[in-house]
Amino acid sequence: QVQIVESGGGLVQPGESLNLSCTASTGAFSAYDIAWYSQAPGQQRELVARITRTGRTNYADSVKGRFTISRDNLKRTVYLQMNSPKPEDTALYLCNLHYSGRQEYDYWGQGTQVTVSS
């Protein structure tokens, strides 16, 4: 079982940057596509950003130009740099590891809360 730990969340003012981290215990970290999802109270989980095992990235339209996802395979860590956050970005941010091969595997962390408020 892969253990995932997210960190870096907190209470920030609009426009105040923060950087989320997602660290996983698997030795096959580089083989996974990794994504950040957000889930606000009473809302469905939504994709925020994804980085594939080859380094290709994609973003939700709402965060393009503001958020950046990156990965460091040696540290088994994925980052989400959140610049110019808005109150509507307030949510629980969860990290997902997805592997597609002969079988598919999905692992989720517990999430880190981000609250953007003045």
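Below: a short report on this structure. Just so you know, these numbers come straight off a predicted model, no measurement behind them.

### Examining the state of the cysteines
- As enumerated under the stated definition, the model contains one disulfide in all.
- The disulfide bridge from cysteine 22 ends at cysteine 95, spanning 2.0 Å between sulfur atoms. When the S-S torsion is -75°, as for the bridge of cysteine 22 with cysteine 95, the disulfide is left-handed. Of this pair, cysteine 22 sits in strand S3 (residues 18–24) while cysteine 95 sits in strand S9 (residues 91–100), and the two are 73 residues apart along the sequence. Residues cysteine 22 and cysteine 95 agree in their burial class; the two are buried.

### Focus: the side chain of threonine 77
- Inspection of the secondary structure puts threonine 77 in strand S8 (residues 77–82).
- Within polar-contact distance, the side chain of threonine 77 engages the side chain of threonine 23 at 3.0 Å.
- Setting aside chain neighbours within four positions, we find threonine 77 in contact with Ser21, Cys22, Thr23, Phe29, Ser70, Arg71 and Asp72.

### Comments concerning the packing of aromatic side chains
- Under the counting rule described, the total for this entry stands at five aromatic pairs.
- Joined through ring pairs, the aromatic side chains of Tyr32, Tyr99, Tyr105 and Tyr107 make up one cluster.
- A cation over an aromatic ring shows up here: arginine 45 above the ring of tryptophan 108, its NZ or CZ 4.4 Å from the ring centre.

Calculation criteria
Residues numbered from 1 in each chain as written. Predicted model: local features only at pLDDT ≥ 70, side-chain atom pairs only at ≥ 80, totals over all residues. Heavy atoms only, no water. Disulfide = S-S within 2.5 Å. Helix = DSSP H or I, 4+ residues; strand = E, 2+ residues; numbered from the N terminus. Buried < 20%, exposed > 50% of the residue type's maximum accessible area, 1.4 Å probe, protein only. Polar contact = N/O pair within 3.5 Å; in protein donor to acceptor, adjacent residues only side chain to side chain. Contact = heavy atoms within 4.5 Å. Phe/Tyr/Trp six-rings, centres within 6.5 Å; stacked < 30°, edge-to-face > 60°. Lys NZ or Arg CZ within 6 Å of the ring centre and 35° of its normal.

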